Amino acid sequence: MNMAEAAALRLVCAERGWTEAAGPEDADLVLLHTCSVRATAEQRVFGRLGQYAALKKKRRSGGGRVALVLSGCMAARIGGEFKKQFPAIDYLMGPQERELFPRILETEERLFSSGTGEAAGTGAAAGTGAAAGTGAAAGTGAAAGTDRAFPAEKPVFSFAASHLEEGRFRSFLPIMHGCDNFCSYCIVPYVRGREVSRSPSAILDEIRLLAAGGVRELTLLGQNVNSYRWDAREEVTDFAGLLGLIAGELERLPGKPIGWVRFLSSHPKDLASEAIEVMASSPFFCRHLHLCVQHGSNRILAAMNRRYTREDYLDLVSRLLAAMPGLTLSTDILVGFPGETEEDLEETLDLMEKVRFLYAYMYHYNPREGTAAYGLEGRVGEKVKRERLARVIALQKKHTAFLLEGRIGRTETVLIEGISRKNADELVGRTERDEMVVLPGSASLIGSFAAVKFSSLSGNTLRGTLVQK
Ligand code: SF4
């Protein structure tokens, strides 16, 4: 989701004539788009802020200036505290405040053209509020040390009209935003807010735009795409309905340029049979699904507030595989949740054995202040968490290798994504089942679908050769 938002922000810059600098040292404005989901990601942002504050100071001492914008979840989560700790931040812009960005750029353009040093004293828009160029303080709570103001009204999330990046043949397409689930370990509902769905007509408009821009693969995005719901004049479009509309639109596009559609993330409790049916009945939907399980123990799933059981999850997997034989699954697994016992971990390992995920994002629990799980007793020690995580990772590696080895000898369609980082004479691509493939070939193939025969496995990557169809 953050990557799609960053793409939309880059588009706003491009529309106003801003170009990407080679690095922060050459930039007039630094945009730091943040994520709060993992504590480690936030720690990295704190490190970067120190660097950018030093950069600002250096620039100022040479008579120049650089504006610092902090956007995304952290801006919403920590808010004004940031400005106390890092006064070098000029603008804070939470996920619901994307529409401020053109005004921020406009303010900076004005400041640069007028040769004004700093924004303070000009009435410029701050991270979350006042209208740029008007000098109006829209609300309450001016940020410390500046005349910047916070909004009087609660901001509302709006979707960008386009997320197309020039030259890209894969694109994200946000269809909903926010989350109402409140899993007990997760900060997302607090920083992203409640679920908002995008209108089907805006989604189809963007699909046409992306197709015209050369996109071959779409990934529909949302914190929980399965709870997509557009309610207009008694006509409700749910996720299954939206998938049907998208399949119809792709079918109608001349030459059918967009071949593949993926979506994430899917919450197991919300993936309806109707959506599985639509997915199974259309060749556009990739035979891969990221279906976060998080844990294999019912006791821990309940403590996580996931609202499904391991039996529900396994039943869903059986129904998916019955509808789409050959479908691959990936997942997220969280070990070391408060109260987790050895038996709970064994249940997770057992569930992994039963499903055999193609890959998994595996991590151990870190308490996040402000979440329901923060105060839970029975925290698992660091050493035990690391040891359990290592066991989960070892099992997943075995499953990944097993599934990929089973693919050797097959010929599949691969979307060629680029040049291999390890060997400039080789290309990298991906199957619709989300398997990475390396093959010798010409760069002219990048962005196209090709038939590839798999010959061997190197780590988690299949190796293959082009096949003339
Ligand atoms: S479904 Fe749960 S884990 Fe996913 S974003 Fe919502 S609260 Fe967080």
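In the block above lies the structure referred to throughout.
Just so it is clear, the structure is predicted and the values come from calculations on it, not from any experiment.

J.: Would you explain the site of the ligand in this entry?
T.: In the vicinity of the ligand, the contacting residues are Cys179, Asn181, Phe182, Cys183, Tyr185, Cys186, Val188, Pro189, Gln223, His267 and Arg306. Of the residues assigned to the shell around the ligand, the class counts are 7 nonpolar, 3 polar and 1 charged.

J.: Can you walk me through the environment of Arg368 in this structure?
T.: In this fold, Arg368 is placed in the loop between β13 (359-364) and α13 (382-405). Overall, Arg368 belongs to the buried group, its relative accessible area being 7%. A C-alpha to C-alpha distance of 9.7 Å links Arg368 and Ser36, two positions 332 residues apart in sequence.

J.: Is there a simple way to think about the sheet that holds strand β1 (residues 29-34) in this case?
T.: Pairing between the strands of a sheet is mediated by backbone hydrogen bonds and can be parallel or antiparallel. Judged by pairing direction, the sheet is parallel, and its 3 strands sit side by side in the order β1-β2-β3 without closing on themselves. Unpaired on one side and paired on the other, β1 and β3 (91-93) mark the two borders of the sheet. When the angles between neighbouring strand axes are averaged without regard to direction, this sheet yields 15 degrees. Direction of pairing for β1 relative to strand β2 (residues 67-72): parallel, over a ladder of 6 bridges. Pairing of Leu29 across the sheet is with Ala67, part of β2. The strands that helix α2 (residues 39-61) touches are β1 and β2; relative to β1, the one it contacts most, it runs at about 170 degrees. Across the sheet, helix α5 (residues 100-114) lies against β1, β2 and β3, angled at about 165 degrees from β3, the strand it touches most.

J.: Can you help me understand the sheet that holds β13 in this one?
T.: Spatial ordering of the open sheet is given by β11-β12-β13, a layout of 3 strands whose pairing is parallel. This sheet does not close on itself; its edge strands, each paired only once, are β11 (288-290) and β13. Pairs of neighbouring strands in the sheet enclose a mean axial angle of 10 degrees, with direction left out of account. Taken together, the 3 bridges between β11 and strand β12 (residues 328-335) define a ladder with parallel strand orientation. Along β12, the bridge assignment pairs Leu289 with Leu329. Packing of α13 onto the sheet brings it into contact with β12 and β13, and relative to β13 it is tilted by some 175 degrees.

J.: Could you clarify how one ought to interpret α5 in this entry?
T.: Here α5 spans 21 Å end to end across 15 residues, near enough to the 21 Å set by a 1.5 Å rise per residue. All buried positions along α5 are accounted for by Leu100, Phe101, Ile104, Leu105, Thr107, Glu108 and Leu111. Looking down the long axis of α5, one finds its buried residues gathered within 160 degrees of arc, a one-sided arrangement. Structurally, α5 contributes buried residues whose contacts are with α1 (2-15), β1, β2 and β3.

J.: Sorry if this is basic, but what is going on with the environment of Phe239 here?
T.: Looking at the element boundaries, Phe239 is found in helix α8 (residues 239-252). Taking the C-alpha atoms as reference points, Phe239 and Glu97, 142 residues apart in sequence, are found 26 Å from one another.

J.: Could you clarify how one ought to interpret the packing of aromatic side chains in this entry?
T.: Given two aromatic rings, their pairing is described by the distance between the two centres and the angle made by the two planes. Tallying each qualifying case throughout the model produces 9 aromatic pairs. Aromatic pair Phe182 and Tyr190: ring centres 5.4 Å apart, planes at 80 degrees, arrangement edge-to-face. The class of Phe182 is partly exposed, set by a relative accessible area of 28%. Among the aromatic side chains, those forming a connected cluster through ring pairs are Tyr185, Phe337 and Tyr365. Directly above the aromatic system of Tyr374 lies the positively charged group of Arg379, at a separation of 5.3 Å from the ring centroid.

Each value, and the rule that gives it
Residues numbered from 1 in each chain as written. Predicted model: local features only at pLDDT ≥ 70, side-chain atom pairs only at ≥ 80, totals over all residues. Heavy atoms only, no water. Near = heavy atom within 4 Å. Nonpolar A, V, L, I, M, F, W, Y, C, P; charged D, E, K, R; others polar. Helix = DSSP H or I, 4+ residues; strand = E, 2+ residues; numbered from the N terminus. Buried < 20%, exposed > 50% of the residue type's maximum accessible area, 1.4 Å probe, protein only. Pairing = 2+ DSSP bridges. Axes fitted to C-alpha atoms, helices over the stretch in contact; angles between N-to-C directions. Contact = heavy atoms within 4.5 Å. Expected span 1.5 Å × (residues − 1). Arc of directions from axis to C-beta. Phe/Tyr/Trp six-rings, centres within 6.5 Å; stacked < 30°, edge-to-face > 60°. Lys NZ or Arg CZ within 6 Å of the ring centre and 35° of its normal.

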